[in-house]
Each structure stands twice: as structure tokens, then as C-alpha cells.
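# Structural overview for review
Given next are the chains, with one letter for each unit.
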Amino acid sequence: MTSTSDDLADYALTARGLTKQFGGFAAVNNVDLSIRRGSIHALIGPNGAGKTTCFNLLTKTLAPTRGTIIFEGRNITNLRAADVARLGLVRSFQISATFAHLTALENVRVALQSQYGKSFQFWRSLDAVAPLNRRAEELLERVGLANARHLAASDLSYGKKRALEIATTLALEPQVMLLDEPTAGMGHEDIEPITDLIREAAQGRTILIVEHNLSVVSTLCDRITVLQHGELLTEGTYREVSSNPDVISAYMGGVDEL
Ligand SMILES: Nc1ncnc2c1ncn2[C@@H]1O[C@H](COP(=O)(O)OP(=O)(O)OP(=O)(O)O)[C@@H](O)[C@H]1O
């Protein structure tokens, strides 16, 4: 029989008994999650199910009321977001207004500098920062923004802004990348490229994604955890969860369609 510790070694990120109460209300209640290393794992559920709260707990944006979060064998329950980012658990950047006036290239360079800042700040000559520029160019190429590198972030289309967000996240070389509704607000034309991009970014890493678009979830994700009323409803492949009568009824009770 396989031991529990062997099983745990397959998972990049696990949560046990994760609970978040706001006043007396449990937005997330006693949730267990196991995100297998190298997988693309989705967190889904009807409106108000607790997805965003759960995501914020895992990214350390919110402190849990109860429960434990283990990242690569290390208890990160009491660490701050910046600390877990340094360990390799990174939430995708939202393009902030501060960087809107910077070009796509400059935005990626800022992310690279935050990753390698300590070693680069002592480098004085322009030649010395060339590797940083080369790496920024590579990342932009990887997300299909090579031709947009000199455009201000604010001038990019919505889909390209999200691609830039992924490039800046990849600059931090995350082992686990957490994406909050990467296709939200996108038109059809942008959804397929961003889905391809996430699949490509998943090479060699683990991705956890909160996503409303179930067709994106079905094509992209290996495992799906379904939440309802803050609790774990079920977990499985898309085929398994989408044929689960409890999941169907949870979605029929809300505005979302399965
Ligand atoms: N800061 C807060 N204070 C009080 N209640 C909150 C807070 N944040 C979330 N909630 C409540 O917790 C529940 C879960 O919210 P959450 O945003 O996590 O759900 P969700 O599944 O992400 O929903 P949606 O799909 O609508 O974004 C909701 O009833 C929400 O009103």
C-alpha cells in the first residue's frame, strides 16, 4: 500500500480544513484541496461559492480563520504573500495603473528586476543589463507580444494586457502559478489565444485557475474542484464533475450554466 507521505509528495500545493469566516459567516468552510504537481487545476462553482475567497487564502492575500496550507512540503499558512512568491507560489499580476504608461518591455523588465533586483542593482553599465533585456524580449515573444514590446501597456487590447500579465508573472519563474479568471471580460477572439498561452505556460509548472468559462475549463484543466456554499462539493476530471448530479443541480440553482 502506498504511504500517505508518498501521496503527498505528488502535490505542489495542499490545503486542509481551510476555513474563512467573515463575522459569523463562513465564506470557505473546511475545504481540503490537493493540487498535483504539473497539473492545471481549476476551482469552479456557482456565484458566491467561495472561489475568490479560497483563491485569496491560497495566495496569502487573506489569512484563514482555520486550516493549513502546505506548499512543496512547507507549511505556508502563516507566511505573507511576498514570502510565498519568493518561494515560487505566484499569483498573476493585475496590470496596475502605475505601470500603464510603461511599455510592455519595461513592464516585464520591472518584474525581472523585482526577481533579480539584488544582483542587478550593483551592475552599472548598460552592457550588464543586456541579459535582462534579452530575457524580457524572450518572455514577450513567448506570450505573442514581440511586436507590441514598445507599446504602452495602456494601449494594448484587453487580451494583450492579460498576455502581458502572464509574461510578468512568468518573469518570476513560479513553480505554481495562480490565475484569477484569466478569460474574464474577453471576447471570443481573445479566449483561444489566452487558453493556448496558459497551456504553454503550464509546461514544467503547476497552475491553479479560478475560471467561470466552463468551456475553457473543459479544454484546459486536468482536475477540477467544485465549491458550493463555501464547501467542497466534488473533485475530478471535467467529465466526472460535469456529469455529477450534485454539480448539475448546484449550477442550475444559479445563473451559470454547466
Ligand atoms: N470581505 C467579505 N466580507 C463578507 N462577506 C464576504 C467577503 N468576501 C466574500 N464574502 C462572501 O463570501 C461568499 C463567497 O464569496 P466569493 O467571492 O469567495 O465567491 P465566488 O465563488 O468567488 O463568487 P463569484 O463567482 O460571484 O465571484 C459570498 O457570499 C460573499 O458575499
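Residues numbered from 1 in each chain as written. Predicted model: local features only at pLDDT ≥ 70, side-chain atom pairs only at ≥ 80, totals over all residues.

The name recorded for the protein chain in an unreviewed UniProt entry is Branched-chain amino acid transport system ATP-binding protein, from Microvirga lupini.

A few words now on the overall build of the protein chain. The number of helices and strands found in the protein chain is 10 helices and 10 strands. Each of the 258 residues in the protein chain was classed as buried or not, and the buried ones make up 38%. Residue pairs at least 24 apart in sequence account for 67% of intrachain contacts in the protein chain once pairs closer than 6 positions are excluded. (Helix = DSSP H or I, 4+ residues; strand = E, 2+ residues; numbered from the N terminus. Buried ≥ 20, exposed ≤ 12 C-beta atoms within 10 Å, placed from the backbone. Contact = placed C-beta atoms within 7 Å.)

Let us look at the domain arrangement of the protein chain. For the protein chain, the assigned domains are domain 1 (1–88 + 175–258) and domain 2 (94–173). Contacts between the two partners involve 10 residues from domain 1, matched on the other side by 10 residues from domain 2. Tallying contributions element by element places helix 7 (residues 188–201) first for the side of domain 1 that touches domain 2, with 5 residues. For the side of domain 1 that touches domain 2, the class distribution of residues is 8 nonpolar, 1 polar and 1 charged. (Domains from an automatic or database assignment. Nonpolar A, V, L, I, M, F, W, Y, C, P; charged D, E, K, R; others polar.)

For the rest of this paragraph, the subject is the nonpolar core. With 65 residues, the main nonpolar core has Cys54, Leu58, Ala104, Val108, Leu140, Ala167 and Leu208 as its most contacted residues. Excluding residues that lie within four positions of it along the chain, Leu58 makes contacts with Leu13, Ala15, Ile69, Leu178 and Leu208. (Core = buried A, V, L, I, M, F, W, Y, C linked by C-beta atoms within 7 Å.)

Attention now goes to the pairing of strand 10 (residues 231–236). Two elements, strand 9 (residues 223–228) and strand 10, share 5 bridges in a ladder whose sense is antiparallel. The residue bridging Thr225 from the neighbouring strand is Glu235, located in strand 10. (Pairing = 2+ DSSP bridges.)

In this fold, Ala27 is placed in strand 2 (residues 25–36). Along the backbone, Ala27 and Thr52 are 25 residues apart, and their C-alpha atoms lie at a distance of 9.5 Å. Sequence-distant contacts of Ala27, defined by excluding residues within four places in its chain, comprise Lys20, Phe22, Gly50, Thr53 and Gly230.

Across the sheet, which stays open at both edges, the 4 strands sit in the order 2-1-4-5 with antiparallel pairing between neighbours. What marks the edges here is a single partner per strand, and that holds for strand 2 and strand 5 (74–75). When strand 1 (residues 11–22) meets strand 2, the two strands line up antiparallel, connected through 8 bridges. Bridge pairing links Leu18 to Val31 in strand 2. Contacts from helix 2 (residues 51–58) reach strand 1, strand 2 and strand 4 (66–71), with the element oriented near 120° to strand 1. (Axes fitted to C-alpha atoms, helices over the stretch in contact; angles between N-to-C directions.)

Around the ligand, the surrounding shell consists of Phe22, Phe25, Ala27, Gly45, Asn47, Gly48, Ala49, Gly50, Lys51, Thr52 and Thr53. Contributing elements (two or more residues each) for the shell around the ligand: strand 2 and helix 2. It is helix 2 that contributes the most residues to the shell around the ligand, 3 residues altogether. Here the shell around the ligand is composed, by residue class, of 4 nonpolar, 6 polar and 1 charged. (Near = placed C-beta within 6 Å.)

Phi is positive for Asn30, which is not a glycine, with a value near 60°. Looking at the element boundaries, Asn30 is found in strand 2.

Further remarks concern the sheet that holds strand 7 (residues 176–180). Taken in spatial order, the 6 strands line up as 6-7-8-3-9-10 in an open sheet, and their pairing is mixed. One side of each edge strand has no neighbouring strand; the edge strands of this open sheet are strand 6 (89–91) and strand 10. Neighbour-to-neighbour, the strand axes of this sheet turn through a mean angle of 20°, independent of strand direction. In this structure, strand 3 (residues 40–44) lies alongside strand 9, joined through 4 bridges in parallel fashion. Along strand 9, the bridge assignment pairs Ala42 with Ile224. Sheet contacts for helix 10 (residues 245–252): strand 9 and strand 10; angle to strand 10, the most-contacted strand, approximately 125°.

Per-residue confidence for the protein chain gives a mean pLDDT of 88, with 87% of residues at or over 70. With a pTM of 0.88, the predicted complex shows an ipTM of 0.97. (pLDDT = per-residue confidence, 0-100.)

Our focus in this paragraph is the packing of helix 6 (residues 158–170) against helix 7. Two elements in contact, helix 6 and helix 7, have axes whose closest approach is 10 Å; the angle formed by their N-to-C orientations is 10°. Considering the angle they form, helix 6 stands roughly parallel to helix 7. Residues Tyr158, Gly159, Arg162, Ala163, Ile166 and Leu170 of helix 6 form the contact with helix 7, whose own contacting residues are Asp190, Pro193, Ile194, Leu197 and Ala201. Grouping the amino acids of the contact of helix 6 with helix 7 by side-chain chemistry returns 8 nonpolar, 1 polar and 2 charged. (Parallel < 35°, antiparallel > 145°, perpendicular 65-115°, else oblique.)

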